[in-house]
Amino acid sequence: MAESASKVMSMRDAVARFVRDGDIVVIEGFTHLICFAAGHEIIRQGRRDLTLCRLTPDLIYDQMIAAGCARKLVFSWAGNPGVGSLHAFRRAVEGKHAPPLELEEYSHFGMVARFSAGAARLPFWPLRDYMGTDLPRVNPRIQSVTCPYTGERLATVPALNPDVTIIHAQRADADGNTQIWGLVGVQKEAAFASARVIVVVEQLVDETVIRSDPNRTAIPGMIVDAVVVEPWGAHPSYAQGYYDRDNDFYLAWEAISRDPGAIERYLGEFVRGVPDRATYLAKQPGLAARLTAQPHLAGAVNYGF
Amino acid sequence: MAESASKVMSMRDAVARFVRDGDIVVIEGFTHLICFAAGHEIIRQGRRDLTLCRLTPDLIYDQMIAAGCARKLVFSWAGNPGVGSLHAFRRAVEGKHAPPLELEEYSHFGMVARFSAGAARLPFWPLRDYMGTDLPRVNPRIQSVTCPYTGERLATVPALNPDVTIIHAQRADADGNTQIWGLVGVQKEAAFASARVIVVVEQLVDETVIRSDPNRTAIPGMIVDAVVVEPWGAHPSYAQGYYDRDNDFYLAWEAISRDPGAIERYLGEFVRGVPDRATYLAKQPGLAARLTAQPHLAGAVNYGF
Amino acid sequence: MAYTPDELMTSVAARELADGEVVFVGIGLPNLACNLARRTHAPHLVLIYESGAVGAVPERLPMSIGDPALVTGSLMVCGMADVFQLMLQNGRIEVGFLGGAQVDQYGNLNTTVIGSYRHPAVRLPGSGGAAEIAIHARRTLVVSKLSARTFPARVDFVTSPGMRRDGVTRHELGMPGAGPVKVITDKAVLEADAATGELVLAALYPGVEEAEVGAGVGWPLRCRPRLARIDPPTATELRLLREVLDPKRLYLRG
Amino acid sequence: MAYTPDELMTSVAARELADGEVVFVGIGLPNLACNLARRTHAPHLVLIYESGAVGAVPERLPMSIGDPALVTGSLMVCGMADVFQLMLQNGRIEVGFLGGAQVDQYGNLNTTVIGSYRHPAVRLPGSGGAAEIAIHARRTLVVSKLSARTFPARVDFVTSPGMRRDGVTRHELGMPGAGPVKVITDKAVLEADAATGELVLAALYPGVEEAEVGAGVGWPLRCRPRLARIDPPTATELRLLREVLDPKRLYLRG
């Protein structure tokens, strides 16, 4: 709905308008396209009591937990991929932090199924899972239904319908018609499940670019509330075709996150101490030289008739 | 699995090897990419007692019903889009034909849900549908489940797992890695639901073409049994970027299908009376000039890192 | 300026659409109505076809909802599982257009069979997506020409549910959408009465009298206390329909 | 030729893969094993990552299962709903690799917590896709170094189910896949006994004695009547691992 132009706004405005204390918040993206820029702005604006949901909390939720934004975490794998632990998360769970972080835990399939149910506006999703595991014992929201045809019992998970979902993408037009390539994770489902959607893009493009390749559109503008243009907004995560993952920073986070003082210094210097993403990037002048993507172009296809 | 090269075969061989009397057969494609070439070969080889499933039976199933291939039809909309009726279908259902065609009828959403369940190897799929309609009264396979979280009753449909699914596509490699653009319908779900999969393509391409744009791949070679190269194999349906829909033939079918004798003459001349698709096309020399697609190229995207 | 019933029906349907709305489009007059609205008061209308084309801008009149012209230059193409689950069931479709071989007193529609299901006199195409459009679209608009055969008191088969079935309201049956709030005919506009769900006469086309409308339905037609009068098609509407949208009169037949 | 335990474990895992199989790949040694198999006896192995990359041919060693190098030049990228529903739950994955902080007598794996769930001594990452890989892959291979701490009689938390739980078999629990048929350690290969589901000693690495393996597990380890001997890595395997696949020894650490 609404006028196209009005959706394009700064990250500060988008977070101020669409992310509220106590919200169920999703910043999705499986390794790829994790919107650190949005997480940092949420920290800067001091949001509290958030229920943070993601398959993989990754460094961004570790930072948001350390910054005191989170009341609860809904997730399926909480680690630093290929490196080790998320130590702020671990401290919050292992009781070395107060108040404790509430956990609601699934497997990846369970989280994907929760988003799928939310996106389809079904109250639950059936899946063949969890038999023989301890997950239903610690998470009573994992239930079951009986198939009306075969009599089989199938596991169920309840729909996840976030208050706000933030999706990073390669490009969108001013109305929020959004195209993603490379790993697409569960972003489409998370966006459709959500009451409000913020799209953050590497490039704002003309509608004609979107219309030249409609099969690439993952999220239609009709479900998007805000479009934020934030190049390198996923760093240290990556954007296929734009910049590589900053594995050095993921490695460095191991030492930073082990030390609450070091996290505070990191947040002070790179998050709370900067007004916006442009300043964050200006403080790291080597990124472009180190991480800018090489060309590896897809061939064209014909949409004519 | 298996060696790449061995999957590429003629339509005659693919139908001979993978389509059997009594099979549950799916030739999917919503308006777009309906594989008439495969339907014609099934008629030529005289398959019998098939359970034909499609959302929209379209002209191809009307022809297969007229040719005596079908025992049962599973469907959701049986018409000639924008033109009128499928008259062979109507005669079979309105009792002017013996033995009668058995019907199993859903709505589009119900058929999509059946394929989704089949593709996910779930025995059923839940959907909010059918309240207040007469469809469950005439189709006892439409049942319901109670949500374990909310207590709501939701409709269910049973999984559809075809014996063989035939998918027409713009291009595939020799192992059956298949790319589709334009309308994609429910082809991916139908293929994954099926015990056997035949892919029919406009162009056989090198694996490098597929690998240049992996997000376009709808069906992976690992689920494909046969790859048939059959340019114009969807005519009078269409292939986006290759040729337009032959609306003239859809209009002409109205008169042909009203008259059982005219259908027999059509099948005699264009189906049973030709050995293969190449001969079918040679009999209609004006098609390329009338229907070849104009160029309307998608822009390239970068997959580099 | 002279005009045909089809031209007026299409213009009336177009006026029902608000700018920015997301519309599930059918082929024929609804498609013309949506494109007429886009070119007049509703340039930001989002057209969605059940085939998966979103934000279509067809450069020719599509003969089917799967026409290639709906894909070329559209904003998005998605699979049909997404159309039905993420868009329709999700509640994102604001307006759905429906027609029917039969429309009854409560807006129930039949596109399945005339006669009995097992031994039909006429076998019609069936639901397609109509059942779920009728259930989920936030409101539906029915477009159909008046005749006692087309508007019986009770349809032979309920393909797409209306406002009430066997005395039970659609809300009580668990349907999310508001249902067929308006039925746009060739002589008048009927509306579902908020209290009873019954279709009642709400507005007359120019030159049409109440009795003429009542003769076209198979139940005693009630009227709103104050009947509206529908304006004839404007010169702009007629010019767009005739010169731009359907110059070959593929759909504007009557 | 000298070799490290990691090099032998990786070679043994690679030999378990048949040409043309569809493998759900994890990061680390399993990824190395799959790529070693592709370059030796199994050129048509199809590598699938839970991130959605199918038929990946990474030109660098991926640090995570979402590495961009897994996408560039892959055969297909699909959403995670498709990975879990159309591939894993559909039964299309022939081999899954799993590891665990704890592996018990019946191949149950724990990657969730050491200690109690509510007040853990150590909080581990959790399941990720491991629970459903363990349930659905037609067979799974567990790769883990032996130690009594890692191989207790009973895990603190069952994240990924093995062959038997509280006396009930995985078949009785409704799991489609065959489960952890082999556990590849740094000293020997354990196999699930077909009758009891218990992990038993099946094959010894060069120079390793039975007692050494028994000391590395927390239950009385039974042996197959005839123990196989594992061949050391070949010169080709070592050359590929050292010069092509992990020249910086990111994963071949021990």
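## As for the pattern of salt bridges
Residues and elements named next belong to chain A.
Next, step 1: A full pass over the atoms with the stated rule returns 77 salt bridges over all chains.
Next, step 2: Linking Glu 152 and Arg 128 is a salt bridge whose minimum nitrogen-to-oxygen distance equals 2.6 Å. Separated by 24 residues along the polypeptide, Glu 152 in the loop between strand S6 (143-146) and strand S7 (153-158) and Arg 128 in the loop between strand S5 (124-127) and helix H6 (135-138) bring together distant segments of the chain.
Next, step 3: The exposure class of Glu 152 is partly exposed, given its relative accessible area of 27%.
Next, step 4: Here the residues in one salt-bridge network are Arg 71, Lys 72, Glu 102, Glu 104, Arg 114 and Arg 141, joined through shared partners.

## Section: a nonpolar patch on the surface
All names here are of chain A.
Next, step 1: There is a patch of nonpolar side chains on the surface, built from Val 8, Leu 204 and Val 229 and spanning about 190 Å² of accessible area.
Next, step 2: By the element assignment, Val 8 lies in the segment before helix H1 (11-18).
Next, step 3: Classification of Val 8 by relative accessible area gives partly exposed; the value is 33%.

## Considering H1 of chain A
Next, step 1: Here H1 of chain A has its buried residues at Met 11, Ala 14, Val 15 and Phe 18 of chain A. Buried residues along H1 of chain A cover an arc of 95° about the axis, so they all sit on one side.

## Quick look at the relation of the copies chain B and chain A
Next, step 1: Each copy of the sequence occupies a distinct position, and chain B is placed on chain A by a rotation of 180° and an axial shift of 0.0 Å, giving an RMSD of 0.0 Å. Both copies of the chain, as the preceding transformation shows, are related through a two-fold rotation axis. Of the C-alpha atoms belonging to chain B, the one lying closest to the rotation axis is found on Ala 300 of chain B, 2.9 Å away.
Next, step 2: Taken as a fraction of all interface residues of chain B, those also at the interface in chain A reach 100%, which identifies the copy contact as same-surface.

## Comments concerning the confidence of the model for chain C
Next, step 1: Looking at chain C, the pLDDT average stands at 95 and 100% of residues meet or exceed 70.
Next, step 2: What the predictor reports for the complex is a pTM of 0.97 with an ipTM of 0.97.

## As for the sheet that holds strand S6 (residues 143-146) of chain B
All names here are of chain B.
Next, step 1: Here we have three strands laid out as an open sheet, ordered S5-S7-S6, and antiparallel in their pairing. At either end of the open sheet lies a strand with only one pairing partner, and these are strand S5 (124-127) and S6. Adjacent strand axes in the sheet meet at a mean angle of 40° when their direction is disregarded.
Next, step 2: Note: S5 against strand S7 (residues 153-158), four bridges, orientation antiparallel. Bridge assignment links Trp 125 to a residue of S7, and that residue is Val 157.
Next, step 3: In the packing of helix H5 (residues 108-119) onto the sheet, the strands contacted are S5 and S7, and the crossing angle to S5 comes to about 140°.

## Structural notes on the interface of chain C and chain B
Next, step 1: The partner chain B presents 48 residues to the 46 residues of chain C that form the contact.
Next, step 2: Taken together, the two surfaces of chain C and chain B that pack against each other cover about 3900 Å², and 60% of this comes from carbon and sulfur.
Next, step 3: Remark: the boundary between chain C and chain B carries three salt bridges.
Next, step 4: A salt bridge links Glu 105 of chain B to Arg 123 of chain C; the nearest nitrogen and oxygen atoms lie 2.6 Å apart.
Next, step 5: Counting the contacts that link chain C with chain B gives 24 residue pairs in polar contact (both at pLDDT 80 or more).
Next, step 6: Going through the elements one at a time, helix H3 (80-89), strand S9 (120-123) and helix H4 (130-136) of chain C are the ones with two or more residues in the side of chain C that touches chain B.
Next, step 7: No other element matches the five residues that H3 of chain C contributes to the side of chain C that touches chain B.

## Side note on the interface of chain B and chain A
Next, step 1: Contacts between chain B and chain A engage 47 residues on the former and 47 residues on the latter.
Next, step 2: Applying the counting rule to chain B against chain A returns two salt bridges.
Next, step 3: When the shortest N-O distance is used, the salt bridge between Arg 216 of chain B and Asp 213 of chain A registers 2.8 Å.
Next, step 4: Between the two partners, chain B and chain A, sit 30 residue pairs in polar contact (both at pLDDT 80 or more).
Next, step 5: Elements that contribute at least two residues to the side of chain B that touches chain A include exactly S5, S6 and S7 of chain B.
Next, step 6: Tallied by class, residues from the side of chain B that touches chain A come to 24 nonpolar, 15 polar and eight charged.

## Considering the packing of H1 of chain A against helix H2 (residues 36-44) of chain A
Residues and elements named next belong to chain A.
Next, step 1: For the pair H1 and H2, the least separation of the axes is 10 Å and the interaxial angle reads 65°. Both H1 and H2 take part in a crossing whose hand is right-handed. Along the contact surface, H1 presents Met 11, Arg 12 and Val 15, while H2 presents Ala 37, Ala 38, Glu 41 and Ile 42.
Next, step 2: When grouped by side-chain class, the residues that make up the contact of H1 with H2 number five nonpolar, no polar and two charged.

## Some thoughts on the arrangement of the chains
Next, step 1: The interface with the highest contact count, out of five pairs of chains in contact, is the one between chains A and B.
Next, step 2: Nowhere do chain C and chain D come into contact; their C-alpha atoms are at least 12 Å apart.

So, how was this worked out
Residues numbered from 1 in each chain as written. Chains lettered and ligands numbered in written order. Predicted model: local features only at pLDDT ≥ 70, side-chain atom pairs only at ≥ 80, totals over all residues. Heavy atoms only, no water. Salt bridge = Lys/Arg side-chain N within 4 Å of Asp/Glu carboxyl O. Helix = DSSP H or I, 4+ residues; strand = E, 2+ residues; numbered from the N terminus. Buried < 20%, exposed > 50% of the residue type's maximum accessible area, 1.4 Å probe, protein only. Patch = residues over 30% accessible without salt bridge, like charges linked within 9 Å, V, L, I, M, F, W, Y side chains within 5 Å. Areas by Shrake-Rupley, 256 points an atom, 1.4 Å probe, with all protein chains shown as cover. Arc of directions from axis to C-beta. Least-squares fit on C-alpha atoms with pLDDT ≥ 70 in both. Contact = heavy atoms within 4.5 Å. pLDDT = per-residue confidence, 0-100. Pairing = 2+ DSSP bridges. Axes fitted to C-alpha atoms, helices over the stretch in contact; angles between N-to-C directions. Buried area = accessible area lost by both parts, 1.4 Å probe. Polar contact = N/O pair within 3.5 Å; in protein donor to acceptor, adjacent residues only side chain to side chain. Nonpolar A, V, L, I, M, F, W, Y, C, P; charged D, E, K, R; others polar. Left-handed = near helix turned anticlockwise from the far one by under 90°.

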